[in-house]
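Fold and geometry: a report
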Amino acid sequence: MNKFVEINKKVKQALKNNKPVIALESTIISHGMPYPQNIRVAKDLEKIAEDAGVVPATICLMNGKIKIGLNDNELEMLAISKDVAKVSRRDFSRILASKKIGATTVAATMIAAHLVGIKVFATGGVGGVHRGAEDSFDISADLKEFAQTPVIVVSAGAKAILDLPKTLEILETFGVPVYGFQTDFFPAFYSAESNIRIDRIDSEKEITDIYKTNMRLGFKSGILVANPIPKKYEIPFSEMDEHIKIALDRAKRNSVTGRGLTPFLLAEIVKITKGSSLETNIRLVENNVALACRIAKAF
Ligand code: PSU
Ligand code: MN
């Protein structure tokens, strides 16, 4: 095994015995949610997986190692420390070499998961094409990663802070399969549906069949499974759009760009919605973990 990789005992056992494992990202803990909700969510997601008979592997970079599966202390460090780097593909080697703490984004978590043979990964929402990308060129490295790393990622679509049609266009250009899970429309993170039609699948087995076919063909792409938040927890698209416009305007006035933009927008939206967007965010990640577990078991 790669000398940079450190897998905890439970995950190693499960991988060795071909038992179901899912990957979880750590940027959602360090940069995506405020303390103390972030640590509660991190532990709660692991418990959802364990209760489903699946071994959770939360992933981060620490002490020059790619850590696969974290203990409570490590999760707490990610949740509390102000010194955690947000790591996408380009940051990976810098943070490993410096032995600093890095939280992995969707892109970096896919890289690590694939390195150790984890096929399924649950997150909240993937990065995408930012609104105004025609000027800023801000397109998440997550999209490029989907083109080259064969991991199934369960996400509540893409965050409504993004330009959803452009995000889907780029994924199509990169040859990335995107499926609505039991829906014909791309979910918009906080809202169960946008008005954008996508291909639909209805069962976990269809996903594992497509993945296996992809692998047999030698295709390298990942698969994005877009799993809508349950209707009863959603914030309607029209309502969310108002909040998002305010947050985007604040980002512009404060000149927030680059890797700081997504965390800034998420935090502003939590303030604007007085915490209700955070509640929604938590519900949708839980829902994604539950589906990821069912897909991992279907393998
Ligand atoms: N979705 C969330 N919270 C997050 C993110 C996504 O609900 O914190 C993170 C993920 O780690 C994702 C990253 O990979 O934001 C995308 O950042 P950027 O747009 O800078 O690529
Ligand atoms: Mn970006």
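The present account deals with the structure reproduced in this document.

With respect to the overall build of the chain
A count of helical and extended segments in the chain gives 13 helices and 11 strands. Against the globule reference of 19 Å for 299 residues, the chain gives a C-alpha radius of gyration of 18 Å, in line with a compact fold. Viewed in the frame of its principal axes, the chain has a C-alpha envelope of about 50 × 40 × 35 Å. Taking all 299 residues of the chain together, 57% fall into the buried category. Contacts in the chain between residues far apart in sequence, at least 24 positions, make up 75% of those at least 6 positions apart. Accessible surface computed for the chain: about 13,400 Å², of which carbon and sulfur atoms make up 52%.

As for the nonpolar core
Ranked by internal contacts, the top residues of the largest apolar core, which has 107 residues, are Ile22, Ile68, Phe146, Phe186 and Val289. Looking at this core, the element that brings in the most residues is helix α13 (residues 276-298), giving 10 residues. Ignoring anything within four residues of it in the chain, the contact list for isoleucine 22 reads Ala49, Val54, Val55, Pro56, Ala57, Ile118, Val120, Val289, Ala292, Cys293 and Ala296.

Observations concerning the pairing of strand β4 (residues 65-68)
In this structure, strand β1 (residues 5-7) lies alongside β4, joined through three bridges in parallel fashion. Its bridge partner lying in β4, isoleucine 7 is registered against isoleucine 68. As paired elements, strand β3 (residues 55-62) and β4 share four bridges and run antiparallel to each other. Residue pairing across strands places isoleucine 59 opposite isoleucine 68, the latter belonging to β4.

Here we look at the packing of aromatic side chains
All chains considered together, the criterion is met by two aromatic pairs. Geometrically, the ring pair formed by phenylalanine 189 and tyrosine 190 is edge-to-face, given 4.7 Å between the ring centres and 85° between the ring planes. Here the two residues phenylalanine 189 and tyrosine 190 agree in accessibility, since each one is buried. For the pair tyrosine 211 and phenylalanine 299, a centre-to-centre distance of 5.5 Å together with 85° between the ring planes defines the contact as edge-to-face. Pair noted here: tyrosine 211 is in helix α10 (residues 204-216) and phenylalanine 299 is in the segment after α13, with a separation of 88 residues, a long-range link.

Let's talk about the state of the cysteines
Scanning the model with the defined rule gives zero disulfides in all. Note on cysteine 60: no disulfide assigned, nearest cysteine sulfur contributed by cysteine 293 at a separation of 20 Å.

Quick notes on the site of ligand 1
Among the 16 residues in the neighbourhood of ligand 1, the closest are listed as Glu25, Lys86, Ser140, Asp142 and Thr262. In this structure, valine 106 approaches ligand 1 through a main-chain N or O atom, which is 2.8 Å from an oxygen atom. Between ligand 1 and the protein, one listed contact pairs an oxygen atom with a side-chain N or O atom of threonine 262 at 2.8 Å. Protein chains shield 95% of the accessible area of ligand 1, which is 480 Å² for the free molecule. Elements with a contribution of two residues or more to the shell around ligand 1: α2 (27-32) and α12 (261-272). Take the shell around ligand 1: its biggest share by element is three residues, from α2. Looking at the shell around ligand 1 residue by residue, the classes come out as four nonpolar, eight polar and four charged.

Thresholds, definitions, all that
- Residues numbered from 1 in each chain as written.
- Chains lettered and ligands numbered in written order.
- Predicted model: local features only at pLDDT ≥ 70, side-chain atom pairs only at ≥ 80, totals over all residues.
- Heavy atoms only, no water.
- Helix = DSSP H or I, 4+ residues; strand = E, 2+ residues; numbered from the N terminus.
- Rg over C-alpha atoms; globule rule 2.2 N^0.38 Å.
- Buried < 20%, exposed > 50% of the residue type's maximum accessible area, 1.4 Å probe, protein only.
- Contact = heavy atoms within 4.5 Å.
- Areas by Shrake-Rupley, 256 points an atom, 1.4 Å probe, with all protein chains shown as cover.
- Core = buried A, V, L, I, M, F, W, Y, C linked by side-chain atoms within 4.5 Å.
- Pairing = 2+ DSSP bridges.
- Phe/Tyr/Trp six-rings, centres within 6.5 Å; stacked < 30°, edge-to-face > 60°.
- Disulfide = S-S within 2.5 Å.
- Near = heavy atom within 4 Å.
- Polar contact = N/O pair within 3.5 Å; in protein donor to acceptor, adjacent residues only side chain to side chain.
- Nonpolar A, V, L, I, M, F, W, Y, C, P; charged D, E, K, R; others polar.

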